[in-house]
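Each chain, written out:
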Amino acid sequence: MSSLLIDSPLLEGGEDGQGGHGDDECERVAASPCAPPTAGEADDAEGGRGDVAVDGSADPAPAWAGECGGRPGLVHRGRGKPSNRRILEKRKKKVLALYEERYGDFGPTLGVEKLAERDGITLSAETLRGWRMATGVTHFRRRSRPHRAWRAWKAHVGELVQLEGAHHDGLKGRGPCCVLMAYIDDASSRVFARFYEYEGTVPAMDSLGRDIKQYGILLAVYTDKHTTYKSPAQPTVDEQLAGEKPQSQFERSLAELGLS
């Protein structure tokens, strides 16, 4: 086992008595019953350094642990005992009784807010939740959120194309601000894009026609809720009876082409 030697005036007392440990300090540390042995004492104890072997073949407890009560002396004496910072049982019963009386239909988070605001009692929501669950009330348990996984990409080109209108200064000040109408294929990430003066019905239909001419007909187009793509109108009585929803001009064009 290698040793690290540090040559520093802070570790040795100088002639003026400054720095390092004084003789009294060294005697006090050496006299401690639970002080770790020095390097020489450890080498002589039980035939060398077997007490610190890492292969499990020797006793992992230091030889000097016997002076502190053997193996139990290595364990903190507070282990398995109630915390010194715990809330007293009397106070716990008082808080639970007050909670049941005034805020029984509140959740733990709102309950502790009201206890602090109206009654001057401060504690964490998790503490109150644990107390309630210990009494058998389980509806305050945190609900697990549904797992959200990435959707698998489509297997074939043209199955799904995302249409997006990007309002950015694409010309970097070298011309008027335009809207980039982009078509991104879900399977191949292929992009077809064209600049237009605005995002509306005419640019949407023109860009869709150009994309179809270059790459062929699509199966489905995914858009956002822009009024160009989704009608904000409320359904009429006839549409409600027919089970239909209001459509924008772009939606009607997609329906005529058989696109969803």
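Every residue gets a number counted from 1 within its own chain, in the order that chain's sequence is written. Only residues with pLDDT of at least 70 get local features here, since the model is predicted, and only at 80 or more are side-chain atom pairs given and counted; chain-wide, interface and lining totals rely on the full set of residues. Only hydrogens and water are removed before side-chain values are computed, so all heavy atoms of the structure are retained for them.

The next point concerns unusual backbone geometry. With a phi angle near 55 degrees, Lys172 is a residue other than glycine that sits in the positive phi range. In this description a helix means any DSSP run of H or I spanning at least four residues, a strand means any run of E spanning at least two, and both kinds are numbered starting from the N terminus. Among the secondary structure elements, Lys172 is positioned in the loop between β1 (161-168) and β2 (178-185). Residues other than glycine seldom take positive phi values, yet Ser189 does so here, at roughly 60 degrees. Note on placement: Ser189 falls in the loop between β2 and β3 (191-196).

It is worth spelling out the side chain of Asp186 at this point. Tracing the chain through its elements places Asp186 in the loop between β2 and β3. Three labels apply to residues, based on accessible area from a 1.4 Å probe with only protein chains included: buried if under 20% of the type maximum, exposed if over 50%, partly exposed otherwise in between. Classification of Asp186 as buried rests on a relative accessible area of 15%. In this structure the side chain of Asp186 is engaged in a polar contact, spanning 2.9 Å, whose partner is the side chain of Arg151. For this analysis, a polar contact is any N or O atom pair within 3.5 Å, provided that within protein one partner can donate a hydrogen and the other can accept it, and provided that sequence-adjacent residues contribute only side-chain to side-chain pairs. From its side chain, Asp186 meets the backbone nitrogen of Lys154 in a polar contact 2.8 Å long. Apart from the residues lying within four places of it in its own chain, the contact partners of Asp186 are Arg151, Trp153, Lys154 and Leu160. Contact between two residues is taken to exist if any of their heavy atoms lie within 4.5 Å; hydrogens are not considered.

What follows covers the packing of helix α4 (residues 108-118) against helix α5 (residues 125-134). Working convention: axes come from line fits to C-alpha atoms, limited for helices to the stretch in contact. Angles between N-to-C directions cover 0 to 180 degrees. Direction vectors running N to C along α4 and α5 enclose 115 degrees, while the axes themselves pass 8 Å from each other. The handedness of the crossing between α4 and α5 is right-handed. Here Pro108, Thr109 and Val112 of α4 come into contact with α5, specifically with Ala125, Leu128 and Arg129. Polar here means any residue other than Ala, Val, Leu, Ile, Met, Phe, Trp, Tyr, Cys and Pro, which are nonpolar, and Asp, Glu, Lys and Arg, which are charged; Gly is therefore polar. Taken together, the residues of the contact of α4 with α5 sort by class into four nonpolar, one polar and one charged. Two helices that cross are described as forming a left-handed crossing if the nearer one is turned anticlockwise from the farther one by less than a right angle, and a right-handed crossing if clockwise.

This paragraph deals with the pairing of β3. For two strands to be treated as a pair, DSSP must find at least two bridges joining them. One ladder, built from six bridges, connects β2 with β3; its direction is antiparallel. Within the sheet, the bridge partner assigned to Leu180 lies in β3 and is Phe195. Here β2 hands over to β3 after five residues, with Ser189 in that stretch at a positive phi of 60 degrees.

So, about the pattern of salt bridges. Whenever Lys or Arg places a side-chain nitrogen within 4 Å of a carboxyl oxygen from Asp or Glu, that contact is recorded as a salt bridge. All chains considered together, the criterion is met by six salt bridges. Note that Glu117 and Lys114 form a salt bridge whose closest N and O atoms lie 3.7 Å from each other. Taken as a pair, Glu117 and Lys114 lie in helix α4 at a separation of three residues, close to a single helical turn. Owing to a relative accessible area of 17%, Lys114 belongs among the buried residues under this scheme. Close ionic contact of Asp206 with Arg210 constitutes a salt bridge, the shortest N to O distance being 2.9 Å. Note that Asp206 and Arg210 are positioned in helix α6 (residues 201-215) at a spacing of four residues, about one turn of the helix. You can call Asp206 partly exposed: its relative accessible area is 29%. Residue Arg210 is classed as partly exposed on the basis of its relative accessible area, which comes to 36%.

If you look at the biggest cluster of nonpolar residues, it comprises 15 residues, and the most contacted ones within it are Leu163, Met181 and Phe250. Counting only elements with at least two residues in this core, the list comes to β1, β2, β3, α6 and α8 (249-256). For this core, the leading source of residues is β2, giving three residues. For Met181, the contacting residues outside a window of four places in its chain are Leu163, Glu164, Gly165, Phe192, Ala193, Arg194, Tyr196, Glu199, Pro203, Ala204, Ser207 and Tyr229. In plain words, nonpolar cores are sets of buried Ala, Val, Leu, Ile, Met, Phe, Trp, Tyr and Cys residues tied together by side-chain atoms within 4.5 Å.

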